[in-house]
Amino acid sequence: MKRNIVIAVVTAAALVGGGTATALAVSGDSGASTPVAQTESRVGDDDGRDDDGDDRDDRSDVRGDDRDDRDDRDDVRDDRDDAAAVSGSVSAADAIAAALKHTPGTAVSADLDDDGDDADDNGGRAAWEVDILGGGDTWYSVRVDPATGKVLGAHKDDEDDAGEVRAALKGASVTAEEAAELVAAKGRVVSIDLDDDERGWEAETVASGGGEKDWRVGLDGAGVSAERGDDSDGSDDSDDSDD
């Protein structure tokens, strides 16, 4: 009876402690003792649960890293899309042609709003803004996507200089679209406007390095010349012209 009590006590201690214990029990009633090894062990359940928790944390970290990578890729794609919109393949001449196809009339100017400043019209996107003089004294502003050439929309404008514009363009042999094509040989055209006082087209180009330059195209087809006094690129090209 005592032997059984000793074994039970030692076994309970081993189970509670989470370790291993060995007890010597007395064999037989005569008092002769024979060592009998009683070994009990318990698996460390708490350690197992901790390991499982660590594994879950590691998997969560991996998923978090994957989400970060996806976000980075999305940012890169967004930047690439923005760059394509600003430096897209649709030139000033292309934008004017698309605008005139959508809204017939006489193109008077085309400007690239590459910052999306006109949020009401462009939804914050870059767009070509092409001004067209329609029938009578009606003006239209047509927006063209610089990446695709698709017309984004058009609306009437309130302008009161239709008479001056028509007088300036009377007998002109060079349209806004043709002037933009001529100036494109000097760099990427980002704007072209009619100067009705000087009877000519004014254009602005941006070089690959970011330098800006102003140009003039005669309405009579005289060619392209640099604006006098224009030194935006650090040089004086006042004599630069195409005959």
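On to the overall build of the protein chain. Secondary structure assignment for the protein chain yields 6 helices and 10 strands. The buried share of the protein chain, reckoned over its 243 residues, is 30%. For the protein chain, long-range pairs separated by at least 24 residues make up 43% of all intrachain contacts whose partners lie at least 6 apart in sequence. As presented, the protein chain carries roughly 14700 Å² of accessible surface, and 45% of it is formed by carbon and sulfur atoms.

For the rest of this paragraph, the subject is the sheet that holds strand β5 (residues 139-144). A sheet is described by the order of its strands in space; here 8 strands give the open sequence β6-β5-β4-β3-β7-β8-β9-β10, paired in antiparallel fashion. Edge strands, defined here as strands with exactly one partner in the open sheet, are β6 (151-157) and β10 (224-226). Strand after strand, the sheet turns through a mean of 25 degrees between neighbouring axes, direction not considered. Along the sheet, helix α3 (residues 92-102) makes contact with β3 (106-113), β4 (127-133), β5, β6 and β7 (188-195), crossing β4 at roughly 55 degrees.

We now examine the side chain of T103. Examined against the element boundaries, T103 turns out to sit in the loop between α3 and β3. Polar contacts involving the side chain of T103 include one to the side chain of H102, which spans 2.9 Å.

Considering only enclosed or pocket space, the largest pocket measures out at about 160 Å³ in volume. Contributing to the lining of the largest pocket are V108, S109, D131, W139, D157, E159, D161, V165, L194 and D196. Tallied by class, the residues present in the lining of the largest pocket amount to 4 nonpolar, 1 polar and 5 charged.

In the structure shown here, the tally under the stated rule is 3 salt bridges. Two residues, D195 and R216, come together in a salt bridge whose shortest N-O distance is 3.0 Å. Separated by 21 residues along the polypeptide, D195 in strand β7 and R216 in strand β9 (residues 212-218) bring together distant segments of the chain. R216 matches D195 in its accessibility class, with the two residues each being buried.

Our next topic: the confidence of the model for the protein chain. For the protein chain, mean pLDDT is 74; residues scoring 70 or higher make up 54% of the total. Contacts for the low-pLDDT stretch residues 233-239, under 50 throughout, to residues beyond four places or in other chains number 9 contacts.

With a phi angle near 50 degrees, R199 is a residue other than glycine that sits in the positive phi range. Note that R199 resides in the loop between β7 and β8 (200-206). Judged by its relative accessible area of 39%, R199 falls in the partly exposed class.

Along the chain, the position of V130 falls in strand β4. Distance in space between the C-alpha atoms of V130 and L100 is 8.8 Å, their sequence separation being 30 residues. Excluding residues within four positions of it along the chain, V130 makes contact with A95, I96, A99, A107, S109, A110, Y140, S141 and V142.

In this section: helix α5 (residues 162-169). Within α5 the residues assigned to the buried category are A162, V165, A168 and L169. The arc that holds every buried residue of α5, seen down its axis, measures 130 degrees, which confines them to one face. Against β3, β4, β5, β7 and β8 lie the buried residues of α5. In the segment just after α5, G171 is the residue with positive phi, at about 80 degrees.

Where β7 lies against β8, 7 bridges are found, and the strand directions are antiparallel. Within β8, the position partnered with D193 by the bridge is E202. As consecutive antiparallel partners, β7 and β8 are separated by 4 residues, and within that stretch R199 has a phi angle of approximately 50 degrees, a positive value. Pairing geometry for β8 and β9, over 7 bridges, is antiparallel. If you follow G200 over to β9, its bridge partner there is G218. Remark: 5 residues form the turn of the hairpin made by β8 and β9, two consecutive strands paired antiparallel; G210 in that turn has positive phi of roughly 100 degrees.

Definitions and limits used
Residues numbered from 1 in each chain as written. Predicted model: local features only at pLDDT ≥ 70, side-chain atom pairs only at ≥ 80, totals over all residues. Heavy atoms only, no water. Helix = DSSP H or I, 4+ residues; strand = E, 2+ residues; numbered from the N terminus. Buried < 20%, exposed > 50% of the residue type's maximum accessible area, 1.4 Å probe, protein only. Contact = heavy atoms within 4.5 Å. Areas by Shrake-Rupley, 256 points an atom, 1.4 Å probe, with all protein chains shown as cover. Pairing = 2+ DSSP bridges. Axes fitted to C-alpha atoms, helices over the stretch in contact; angles between N-to-C directions. Polar contact = N/O pair within 3.5 Å; in protein donor to acceptor, adjacent residues only side chain to side chain. 1 Å grid on protein atoms, 1.4 Å probe; cavity = no way out; pocket = protein on both sides within 12 Å on 5 of 7 lines; lining within 4 Å. Points joined across faces, edges and corners; volume = space filled by probe spheres on them. Nonpolar A, V, L, I, M, F, W, Y, C, P; charged D, E, K, R; others polar. Salt bridge = Lys/Arg side-chain N within 4 Å of Asp/Glu carboxyl O. pLDDT = per-residue confidence, 0-100. Arc of directions from axis to C-beta.

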